[in-house]
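Structural overview
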Amino acid sequence: EVQLVESGGGLVQAGGSLRLSCATSGFTFDDYAIGWFRQAPGKEREGVSCISSSDGSTYYADSVKGRFTISSDNAKNTVYLQMNSLKPEDTAVYYCAAMTYYSGSFYSLPGWLEYDYWGQGTQVTVSS
């Protein structure tokens, strides 16, 4: 059974930090890219970042560049999203997802329809 489980969300003040985790199981981790998405009430699902588990290639949405860092711990089949300098507009439910991907640089952020498996999300709330 494929599972992706997000954790680490919570309530923080603007300027604060959170680290989200995406623990995965049930598939060959190195054959997939892991992406982070977020969705705020009344808004469409937005891609945040992605990482290739095999070679570590990453990509970030312009809205989070310089503030968020994605990383992977292949021994634990887990991907992290370190979020610094948080803003109220970062408030959303954050989801991780897995997509078949083997290696190579990202030249754009893959859209949500390209992903095969999804977690159930973790709430991030940033107060002003």
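Structure's up top.
Below or above, wherever it landed, is the structure these notes cover. (Residues numbered from 1 in each chain as written. Predicted model: local features only at pLDDT ≥ 70, side-chain atom pairs only at ≥ 80, totals over all residues. Heavy atoms only, no water.)

Some words on the packing of aromatic side chains
- Tallying each qualifying case throughout the model produces eight aromatic pairs.
- An angle of 45° between the planes, with centres 6.1 Å apart, marks the rings of Tyr-32 and Tyr-117 as tilted. You can see Tyr-32 sitting in strand E4 (residues 32-39) and its partner Tyr-117 sitting in strand E10 (residues 117-118), a full 85 residues away along the chain.
- Centroid distance Tyr-95 to Trp-118: 6.5 Å. Interplanar angle 75°. Geometry classified as edge-to-face. On the criterion of sequence distance, the pair formed by Tyr-95 in strand E9 (residues 92-100) and Trp-118 in strand E10 is long-range, its members being 23 residues apart.
- For Trp-118, a relative accessible area of 26% translates into the label partly exposed.
- The ring of Tyr-80 carries Arg-19 above its face, with NZ or CZ at 4.3 Å from the centroid. (Phe/Tyr/Trp six-rings, centres within 6.5 Å; stacked < 30°, edge-to-face > 60°. Helix = DSSP H or I, 4+ residues; strand = E, 2+ residues; numbered from the N terminus. Buried < 20%, exposed > 50% of the residue type's maximum accessible area, 1.4 Å probe, protein only. Lys NZ or Arg CZ within 6 Å of the ring centre and 35° of its normal.)

Overview of the sheet that holds strand E3 (residues 18-25)
- Across the sheet, which stays open at both edges, the four strands sit in the order E1-E3-E8-E7 with antiparallel pairing between neighbours. The two strands at the open ends of the sheet, each matched to only one other strand, are strand E1 (3-7) and strand E7 (68-73). Within this sheet the neighbouring strands show an average axis-to-axis angle of 15°, counted without direction.
- Direction of pairing for E3 relative to strand E8 (residues 78-83): antiparallel, over a ladder of six bridges. Across the sheet, the residue bridging to Ala-23 is Thr-78, located in E8. (Pairing = 2+ DSSP bridges. Axes fitted to C-alpha atoms, helices over the stretch in contact; angles between N-to-C directions.)

Details of the pattern of salt bridges
- In the structure shown here, the tally under the stated rule is four salt bridges.
- Across the salt bridge formed by Asp-90 and Arg-67, the nearest N and O atoms sit 2.7 Å from each other. Of the two residues, Asp-90 sits in the loop between E8 and E9 while Arg-67 sits in the loop between strand E6 (58-60) and E7, which places them 23 residues apart along the sequence.
- By relative accessible area, which is 10% here, Arg-67 ends up buried.
- One salt-bridge network, in which partners are shared between bridges, spans Arg-38, Glu-46, Arg-67 and Asp-90. (Salt bridge = Lys/Arg side-chain N within 4 Å of Asp/Glu carboxyl O.)

What is shown is where atoms sit, not what they do.
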